[in-house]
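What the coordinates show
Each chain is listed here by its residues.
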Amino acid sequence: MAGRILVFAEQRDGKVRKSTFEALGRAAELGDEVHAVLVGSAVAQIAPMLGNYGAKVVHCAEDPSFELYSGEGYAAALSAAIDAAAPDLVLVIATAMGKDLAPRAAARKQLCMLSDCITLDEIGGAFEATKSMYGGQVFAKVRATGKPVLATLRPSAYPAPEPSSDTAAMESLSVAVSEVGAKVVEVLKQEEGALDVQEADVVVTGGRGLKSPENFHLIEELAGVLGGAVGASRAAVDAGWIDHAHQVGQTGKAISPKLYIAVGVSGAIQHLAGMRTAKCIVAVNKDADAPIFSIADYGIVGDLFKIMPVLTEEIRKARD
Amino acid sequence: MKILVCMKQVPSSEARIVVAGDGKAIDPTDVEMIVNPYDEYALEEALRIKEARGEGEGEVIVLSVGPEKVKEAIRSCLAMGADRGILVKDDAYLGGDGLGVARILADVIRTQEPDLVLCGKLSIDVENNCVGIAVAEFLGWPHVSLVNKLEWPEEKNAKATREIEGGREVIEFGLPAVVTAEKGLNEPRYASLKGIMQAKRKPIEEVTPSVAMPAAGVEIVSMAPPPERGGGQKFEGEPEDVVPQVVTLLKTEAKVL
Ligand SMILES: Cc1cc2nc3c(=O)[nH]c(=O)nc-3n(C[C@H](O)[C@H](O)[C@H](O)COP(=O)(O)OP(=O)(O)OC[C@H]3O[C@@H](n4cnc5c(N)ncnc54)[C@H](O)[C@@H]3O)c2cc1C
Ligand SMILES: Nc1ncnc2c1ncn2[C@@H]1O[C@H](COP(=O)(O)O)[C@@H](O)[C@H]1O
């Protein structure tokens, strides 16, 4: 079994990202002892609750300059936590922040890096991951040849554990803070409250079959009923119907939600690259031969404009 | 301004990829090789920055690690407008180990002393999303990743925008720095006939880095096509009839509602 595992707990505005709990859960399965590191301007008060998900010790790096993310600043903090915890494995979630931070820290601490892991195991003493390559056309098993290892985990790759009532011990971390060269000066929030496709357990995606941007309300309504996020195919994004942040696929986001509902999406290989690891896939398409049906668990053949109102209503009833 | 673009040659995103017999690499037969699309955004941005600073000013250098064949991709970059190319020839190079490559790139970049290094956000073959950022760390420079907008309020001070979950970050930085390009940064140009002709006379230098290619920190154990999901159940008929059946299955069989 892997020894100690350090999880980078991602937070923004004092809110811990859900995927952090997934990483803590996987860390508890893989290792003997789970530590976490929290970086921010005032984060100590959220440290204990990371114990609910398996962290024994939380290393807190607090500094006013950590209020907003910076690659250099956070890499210094993560490196200090690596020194303090001396882990065999560092886990970071492959979000915009995690993907930015991980290579910097791995390069600094000379770790082996496994990126965007869909699975992560310890086999014969080495860390081994499954990752997507060639636009999702290949699933590769890659092995880190040494330790320590830093791995970024794709969001939703592992389930978050049920929280316990355990709390974590807090240890403050001293980080030599220096002026950063690239500084976030502003965070522009979009669509306040809208759930990100990478965060959501349920994603309902609209494609070109919707025919116009107005018809996205059919997608939004079902997503609303399910408490899920709205996704889009590249065709819908390129047509200007919806922002690129919603795009699922090779040039969009790769996601593994519990439930993925594709509506008016043909299922091009580049789209499948982003969602084939969903646990359950439902497709609505009028073309019985659409490739999306070849990977859908439940396919409904027919006109989406007739199907969506019924589907939304039936799901609403089923959840009551 | 002297701008260096890190470019990787990769199989075309349109290519059908087949895993080779040994199950550890892809079969290169009939696979068209192209400039990594994100590196094209990086190159286009470099050319625009150079052009905006005026005639005869600055230089755009393309740097790549890979086998001899990569010269074709470098040539395409020269045809788009880059001034010269540098190849670190490594025939065995596969690219699974991003940090190892980053160390080599950083070593060569130091000898060139550029003001700005542009990379793609990821190479579409190994999808590591790490080389550019690691290069910045090895150089001790700041980096900004996933940039989809880059402005220059001052000659050596830039303002970049990157997409994050639920919004955008605006980042200010000075030079030297490393920027990694995301889709949306620009629309890359096509090489003109004149550009293609000129490219033939532009130099591609082969260099040997001062550091040896480090022992790989990551090795490929096996490759396979993505796991089959096997088509599930398909329902055809009046929505009023089939939709309730599917919803019942989602609840009782898939247990996702
Ligand atoms: C390098 C590269 C990267 C790419 N990256 C991505 C990516 O990240 N994500 C992505 O999605 N695509 C990506 N693509 C594009 C991809 O190849 C497809 O073009 C795109 O996914 C098609 O989107 P679509 O399914 O919405 O549209 P279409 O392929 O046009 O499909 C529309 C579907 O809607 C159905 N339909 C129409 N009307 C109705 C109706 N009334 N009721 C029910 N069904 C209906 C049709 O039968 C059809 O199957 C990429 C392509 C390339 C070359
Ligand atoms: N062999 C290479 N030669 C030059 N640049 C590279 C190489 N590999 C990766 N890069 C650069 O690093 C970026 C990210 O690649 P990766 O981390 O492999 O996904 C690419 O878009 C290139 O700009």
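Residues numbered from 1 in each chain as written. Chains lettered and ligands numbered in written order. Predicted model: local features only at pLDDT ≥ 70, side-chain atom pairs only at ≥ 80, totals over all residues. Heavy atoms only, no water.

**Let's talk about the site of ligand 2**
Residue and element names in this part refer to chain B. The environment of ligand 2 is made up of 22 residues, and the closest members are Cys6, Asp39, Ser123, Asn129 and Cys130. Gly120 is positioned with one of its backbone polar atoms (N or O) 2.9 Å from an oxygen atom of ligand 2. Summarising the interface, the protein chains cover 99% of the accessible area of ligand 2, which totals 480 Å² for the free molecule. The cavity where ligand 2 resides is the second largest cavity. Of all the elements in the fold, those that place two or more residues in the shell around ligand 2 are β4 (59–66), α3 (98–112), β6 (116–120) and α4 (131–139). In terms of residues, the shell around ligand 2 owes the most to one element, β4, which gives three residues. Residue composition of the shell around ligand 2, by class: 12 nonpolar, seven polar and three charged. (Near = heavy atom within 4 Å. Polar contact = N/O pair within 3.5 Å; in protein donor to acceptor, adjacent residues only side chain to side chain. Areas by Shrake-Rupley, 256 points an atom, 1.4 Å probe, with all protein chains shown as cover. 1 Å grid on protein atoms, 1.4 Å probe; cavity = no way out; pocket = protein on both sides within 12 Å on 5 of 7 lines; lining within 4 Å. Sits in = over half its atoms within 2 Å of the grid points. Helix = DSSP H or I, 4+ residues; strand = E, 2+ residues; numbered from the N terminus. Nonpolar A, V, L, I, M, F, W, Y, C, P; charged D, E, K, R; others polar.)

**Quick notes on the interface of chain B and chain A**
Taken together, the 78 residues of chain B in the interface contact 85 residues of chain A. A buried area of about 6900 Å², summed over both sides, lies between chain B and chain A, and 55% of it is on carbon and sulfur atoms. Counting across the interface, chain B meets chain A through eight salt bridges. Across the pair Glu169 of chain B and Arg12 of chain A runs a salt bridge, and its minimum N-O distance is 2.9 Å. Scanning the region where chain B abuts chain A turns up 43 residue pairs in polar contact (both at pLDDT 80 or more). (Contact = heavy atoms within 4.5 Å. Buried area = accessible area lost by both parts, 1.4 Å probe. Salt bridge = Lys/Arg side-chain N within 4 Å of Asp/Glu carboxyl O.)

**Looking at the domain arrangement of chain A**
All names here are of chain A. Once the domains are mapped, chain A shows domain 1 (2–179) and domain 2 (202–319). Inter-centroid distance (C-alpha atoms) of domain 1 to domain 2 is 31 Å. Every contact between the two is made by eight residues of domain 1 and, on the other side, eight residues of domain 2. Roughly 670 Å² is buried in total at the junction of domain 1 and domain 2, and carbon and sulfur atoms are behind 57% of that figure. At the boundary of domain 1 and domain 2, one finds zero salt bridges. Where domain 1 touches domain 2, the interface holds one residue pair in polar contact (both at pLDDT 80 or more). Its residues assigned to classes, the side of domain 1 that touches domain 2 comprises three nonpolar, four polar and one charged. (Domains from an automatic or database assignment.)

**Some points on the sheet that holds strand β10 (residues 177–181) of chain B**
In space, the 10 strands of this open sheet follow the order β12(A)-β9(B)-β8(B)-β7(B)-β10(B)-β6(B)-β1(B)-β4(B)-β5(B)-β11(B), with mixed pairing throughout. Edge positions in the sheet fall to β12 (182–189) of chain A together with β11 (204–206) of chain B, since each has one partner strand and no second. Averaged over all pairs of adjacent strands, the angle between strand axes in this sheet comes to 30°, irrespective of strand direction. Both strand β1 (residues 2–6) of chain B and β4 of chain B contribute to a ladder of five bridges, which runs parallel. (Pairing = 2+ DSSP bridges. Axes fitted to C-alpha atoms, helices over the stretch in contact; angles between N-to-C directions.)

**What to know about helix α3 (residues 96–109) of chain A**
Residue and element names in this part refer to chain A. An ideal rise of 1.5 Å per residue puts 20 Å on 14 residues; α3 measures up with 21 Å between its terminal C-alpha atoms. With 11 of 14 residues buried, α3 is to be regarded as a mostly interior element. For α3, every residue scored as buried is listed here: Ala96, Met97, Gly98, Asp100, Leu101, Ala102, Pro103, Arg104, Ala105, Ala106 and Ala107. Gln110, located one to two residues past α3, shows a positive phi value of around 55°. (Expected span 1.5 Å × (residues − 1). Buried < 20%, exposed > 50% of the residue type's maximum accessible area, 1.4 Å probe, protein only.)

**Quick notes on the sheet that holds strand β15 (residues 259–263) of chain A**
Judged by pairing direction, the sheet is parallel, and its six strands sit side by side in the order β14(A)-β13(A)-β15(A)-β16(A)-β17(A)-β13(B) without closing on themselves. At either end of the open sheet lies a strand with only one pairing partner, and these are β14 (229–232) of chain A together with β13 (233–236) of chain B. Strand-to-strand twist across the sheet, computed as the mean angle between neighbouring axes with direction ignored, equals 20°. Pairing of strand β16 (residues 280–285) of chain A with strand β17 (residues 298–301) of chain A involves four bridges; the strand directions are parallel. Along β17 of chain A, the bridge assignment pairs Val284 of chain A with Ile300 of chain A. Strands β13 (202–206), β14 and β15 of chain A of the sheet are contacted by helix α4 (residues 216–226) of chain A, whose axis makes an angle of about 175° with β13 of chain A.

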